[in-house]
Structures are given as structure tokens and as C-alpha cells.
Amino acid sequence: MSDASFIEAKAPPPIAKKRPGLGGLIFAGVWALIAIGLAAYIVGNWNPALLDTYALPYLEGLGVTVGLVLSSFVCGAVLSLPVALGRMSHNPLARGLAFVFVYFFRGTPLIAQIFLVYYGFGQFRDFFDTIGLWWFFREAWSCALFSLSLNTAAYQAEILRGAIQSVPRGQWEGGTSLGLSKAVIFRKIVLPQAMIVALRPYANEIILMIKASAIVAIITVYDLFGITRQAYSRTFDFQTYVWAALLYLAIVEALRNLTNLAEKRLTRHLVR
Amino acid sequence: MESLTLLGFGPTGWGDEIAWGVVVTASLALATLPIGLVFGFLLALAKQTEDKLLKLSADIYTTIFRGLPELLTLFIVYFGVNNALQSFSRATGLPDIALSSFVSGMVALGFVFSAFASEVFLSAFRAIPRGQYEGSSALGLSRYQTMILVVLPQLIRIALPGLGNLWMNLLKDTALVSVIGLTDILRQSQIAARVTREPFLFFGTAIVIYLVLTLLSSVAIGGIDRWTKRGEMAK
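Residues numbered from 1 in each chain as written. Chains lettered and ligands numbered in written order. Predicted model: local features only at pLDDT ≥ 70, side-chain atom pairs only at ≥ 80, totals over all residues. Heavy atoms only, no water.

### Re the overall build of chain A
Rules: Numbering of helices and strands runs from the N terminus, with a helix taken as a DSSP run of H or I at least four residues long and a strand as a DSSP run of E at least two residues long. For a compact globule the rule gives 2.2 Å times the number of residues to the power 0.38, and the radius of gyration it is set against comes from C-alpha atoms. Buried residues are those whose accessible area, probed at 1.4 Å on protein chains only, stays under 20% of the maximum for their type, while exposed residues exceed 50% and partly exposed ones sit between those limits. Residue-level accessible areas treat just the shown protein chains as cover; the underlying method is Shrake-Rupley with a 1.4 Å probe. In this tally, Lys and Arg are treated as positive and Asp and Glu as negative; His is ignored, and so are the chain termini. Taken as the charge centre is NZ of Lys, CZ of Arg, CG of Asp or CD of Glu, depending on the residue.
Each helix and strand counted, chain A has 11 helices and 0 strands in total. Secondary structure elements in chain A, listed N-terminal to C-terminal, are α-α-α-α-α-α-α-α-α-α-α. A globule of 272 residues ought to have a C-alpha radius of gyration of about 19 Å, yet chain A, at 27 Å, is considerably larger. Counting only C-alpha atoms, chain A reaches 105 × 70 × 30 Å along its principal axes. Out of the 272 residues belonging to chain A, those deemed buried represent 39%. By element, 68% of the accessible surface of chain A is carried by carbon and sulfur atoms, the whole surface being about 15,800 Å². Of the side chains in chain A, 23 bear a positive and 14 a negative charge, and the two mean positions are spaced by 9 Å.

What follows is the structure, encoded as C-alpha cells:
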């Protein structure tokens, strides 16, 4: 056997430098075109009067959106506790009722629920007058609060149930063997662990609610989207929508980053 | 009994109008689904490439369409794209083209669906072990064959629950398109409610129809789930 049959060892070929492919160039190009187009549109139609007229209403609208979402989130959280307990209960009636509640609100569009409350309940005005609740269902804002609270209660009940059930049984058993009562085990041992699991779903739920709350503009609540629609119908200037989009994106991104920070902070004892 | 006449078919009832609304809602959701799935899949591929520009562009897409309210996306497509098309046709002298509310709904919901679907596909891709790719390359399969014959069948199985949720959201989001005038279930019930002054009856009917649609969807998704898992051992 001659030496010629051996292949001479060579250094591996240098790794080709990654260059942006055609797809990336086109995709990024589309974004660049849209950004330039929007910027050119806004600069070309620059209108200080528009900004003067609508800057403050936009901020007020933002306030309405945030206020509505926060208050219905809290109401929903309170309502979700009995629903979640019902879902986990051994009583078939409680389980069935909780299931129907959750299925109803998760299986139908929020906009239809809001319409049913805002327009539909007006039909029973006499009834609400007699029980003294008409002042509540007369206002678009409180109808929105009512529907959003019930809707988010259904979603939050599922989050809460999932989080509580994610805590291993051993935690309950350990608590029992220490002689703690069920209520104390739930409050001091299970809930804190469940809340870490539930943090991200809860944050997602707030983000979803901020997005969904734009619907209340249709029933004449002047939230951020309502103000935007009003501004557009008066000026026919498309930048009204661009400003609203930027504001919504800013809130959602801020919330997402805050959640990441909070999760890092809360789970720092789990890092190895 | 009066309400039954109102919901009946024929000239005195609103049954036929609402039934047409069901057809419109279902066809909008079904027409959006394939577009959203294909774009979502492509976006997921784009997010795992080494090409930084492509990845960045796909991330921008997801950030925008996941962060904007669906209603705002819809209005931006309906008014923004129509404005742009109008000025384009005016500038070039071509005949006017405009997006109908159905097409606008399809585009806007397609954007939203694909942005969320790309994240579902991405996490499904990450759940497929490297060994599957190495095994197929050891068998001499091309990259395309690996994708179609090895990765995709497993990907569908992993992604199906997430995609099922997205389908439910899509079905519910079609109700938003009624705001820009699409004659879907909600729009028809709104018209009926206004004419007959029976809003509770008609919005209640609409809600029941949506419940039936989501119930049917969850049955169908369960069936598809069993079908994708037919190769797995019975547990």
C-alpha cells in the first residue's frame, strides 16, 4: 500500500460569513418602506393644531382605558375565586355551575356580551328600576365594567385553578402533618407558590384585557380607541390611528417587560 | 310565542337573515385560517434562522400584531389600506380599488392569527429533539423531505392544542368585523334588534349561536387531535 492512498489532512474550510438572505432583505425592506411611508405621511401632513386639540383627550382616553381595565381586573379577581373553587369542588352542582359560567364567557365574543348587557338589559328597565339598579345599567361605562369583569372572571378562574392544581399534593399533606388548618395551608403554603405560576398568565390576561377594552368604544365609552375614532371621524387624518397604535404598543410592551422583571425577582430563590 | 315568530324563517322572521350571518361568520373564519397558518409557519421558520435581518423582521411583525388591539388592526387595515389604495389609484390613474369589509377582516385577522400562530409553531419546533433531524440526515433525506416527512407530522401533533385555542379566538374575533359593516351573525342580530326593539332576544340568540359554533369546533378539534395521535400507543 502506497502513501498516496492516504488523504492529506487539511484544515476545514472557513465557515462562510452569514449574509442576509433575500427573504430577510425583502421582509426588512417592507418594514422600512412602511416606516418611511408613515413618517413621510406624518411629516407631510404635520398639523400642530391637531396635536393641540387631541393630545389631552388622547391622554384622558388612555386614562379611561387603564382605569376600566384595572377596575374590572380587580372585580374579576374577586369573582374568580368562588368560580375557581367551584371548578375544583367535589359537589357536582357547584362544578357544573362553575363550568357553565366559564364556558359561557370564554365561548362567546366579548363584543356580543357587551351588546347584550348594554342594549339588551335596557329592555328590562322596569325590573332594574324596581330593584334600584337602573342607574348602573344606564351608563355605558358601568355596562362595560360589568361585562369585562364577568368575562375576565371566567378567564382568571381558569388561571387560578391551573395554578392551585400545579402545587404538588405533598404541600397539602406536609401542612396537614404539621397540624395546620386547611385555610392556613391554603393561604400560607399553597397560594404563594400558586401565585408564582400564575404571574405570567395574569399578566397576559391584563394585556388581553387592554386590547379587548378597545371594544367599549363601540358602545360610546370614550376610551383611547373611542377618542381615536372621534378624532378620525372629525379630521379624516390617518395619523390619529398611528398615534393610538403607538400608545397601545407602548403599554403592552411596558407590561411585558415589567412581567419579565417581576418573574425574575420572584423566582430568584429557584435559580441554581 | 311572539319571539318564535321573530326568530322564524320567512318574511316576518329574522331566522333566514341570521342564518346567512352564520354562513358569513363561518366563511370568514375558514377563509382566514389557511392564510394565518401558512404565514404563521413561515414566520416561525424565519424566527429560527441564523439570518439576523429575517429574524428581526419577524419579531417586529409579532410584536406589532400581538400588541395592537384586534379592533385597531382592523380599522388600520380598513381605513389605512383603503386610503393608500385610493391615493395610489388616483396617482396612477388606474380604476379605483378598495378592500371590502370581508377582505379587510380577512387581512386583519390573518395578521393577528399568524402572529400568534408563529409563537405556537416556534415552541412546537423547539419541542422536536435534534435527533430527529440527525436521524433523517443519516437516512439521506433532503432538508425539504426532513421537513415534510419527519418534522411536520410531529409538529402538527404538538402544536394542535395551541392552534385550537387560536381558532376559537379567530372565530370570536370575526364578530369584530361587524363593526365595519360585515353582515355576520352579530351585525344581523343588531339590525334585527333595532327594527324589532327586542335587543335581548336577538343578542341572546347571537350568543347562543356562537356557543354552538365553539362547541362544534371543540368537538372537531378533539377529533383531529385523536387523528394525529392515531400512531401513538394506547395508554
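That was the structure; now back to the text.
### Concerning the environment of Thr73(B)
Residue and element names in this part refer to chain B. In plain terms, the rule: Should any heavy atoms of two residues lie within 4.5 Å, those residues are counted as being in contact.
By secondary structure assignment, the location of Thr 73 is in helix α4 (residues 70-92). Assessed through its relative accessible area of 3%, Thr 73 is described here as buried. Taking C-alpha positions, Thr 73 is 17 Å from Ala 58, a pair spaced 15 residues apart along the chain. Among all residues touching Thr 73, those that are not within four sequence positions of it are Phe 65, Leu 68, Ala 108 and Val 112.

### Focus: the UniProt feature "domain: ABC transmembrane type-1" (unreviewed entry) in chain B
To keep things clear, this is the line we draw: UniProt positions are given in the numbering used here, feature names are shortened, and annotations may be inferred rather than shown by experiment.
This chain's UniProt record puts "domain: ABC transmembrane type-1" (unreviewed entry) on residues 22-221 of chain B. The span residues 22-221 of chain B shows a helical share of 83% and a strand share of 0%, and its end C-alpha atoms are spaced 20 Å apart.

### Some details on the pattern of salt bridges
Residues and elements named next belong to chain B. What counts, and what does not: Counted as salt bridges are all cases of a side-chain nitrogen of Lys or Arg within 4 Å of a carboxyl oxygen of Asp or Glu.
Taken as a whole and judged by the stated rule, the model has 11 salt bridges over all chains. As a salt-bridge pair, Arg 130 and Glu 134 come within 3.4 Å of each other at their nearest N and O atoms. One end of the pair is Arg 130 and the other is Glu 134, both in helix α6 (residues 130-138) and 4 residues apart, which spans about a single turn. Residue class for Arg 130 comes out exposed when judged on its relative accessible area of 65%.

### Focus: the state of the cysteines
Residues and elements named next belong to chain A. To keep things clear, this is the line we draw: Two cysteine sulfur atoms form a disulfide, by the criterion used here, when they sit within 2.5 Å.
Considering all chains together, one arrives at 0 disulfides over all chains under this definition. Just so you know, Cys 75 is unpaired, no disulfide at all, and the nearest cysteine sulfur is the one on Cys 143, 14 Å from it. For Cys 143, a relative accessible area of 0% puts it in the buried group.

### Points about the UniProt feature "transmembrane region" (unreviewed entry) in chain B
Residue and element names in this part refer to chain B. UniProt records the feature "transmembrane region" (unreviewed entry) at residues 20-46, 58-81, 101-125 and 200-224, using the numbering of this structure. Helix makes up 100% of residues 101-125 and strand 0%, whereas the separation of the span's terminal C-alpha atoms amounts to 35 Å. As a span, residues 200-224 carries 100% helix and 0% strand, and end to end its C-alpha atoms are 36 Å apart.

### Some remarks on the UniProt feature "domain: ABC transmembrane type-1" (unreviewed entry) in chain A
The UniProt feature table records "domain: ABC transmembrane type-1" (unreviewed entry) at residues 62-259 of chain A. Structurally, residues 62-259 of chain A is divided into 83% helix and 0% strand, and its ends, taken at the C-alpha atoms, are 20 Å apart.

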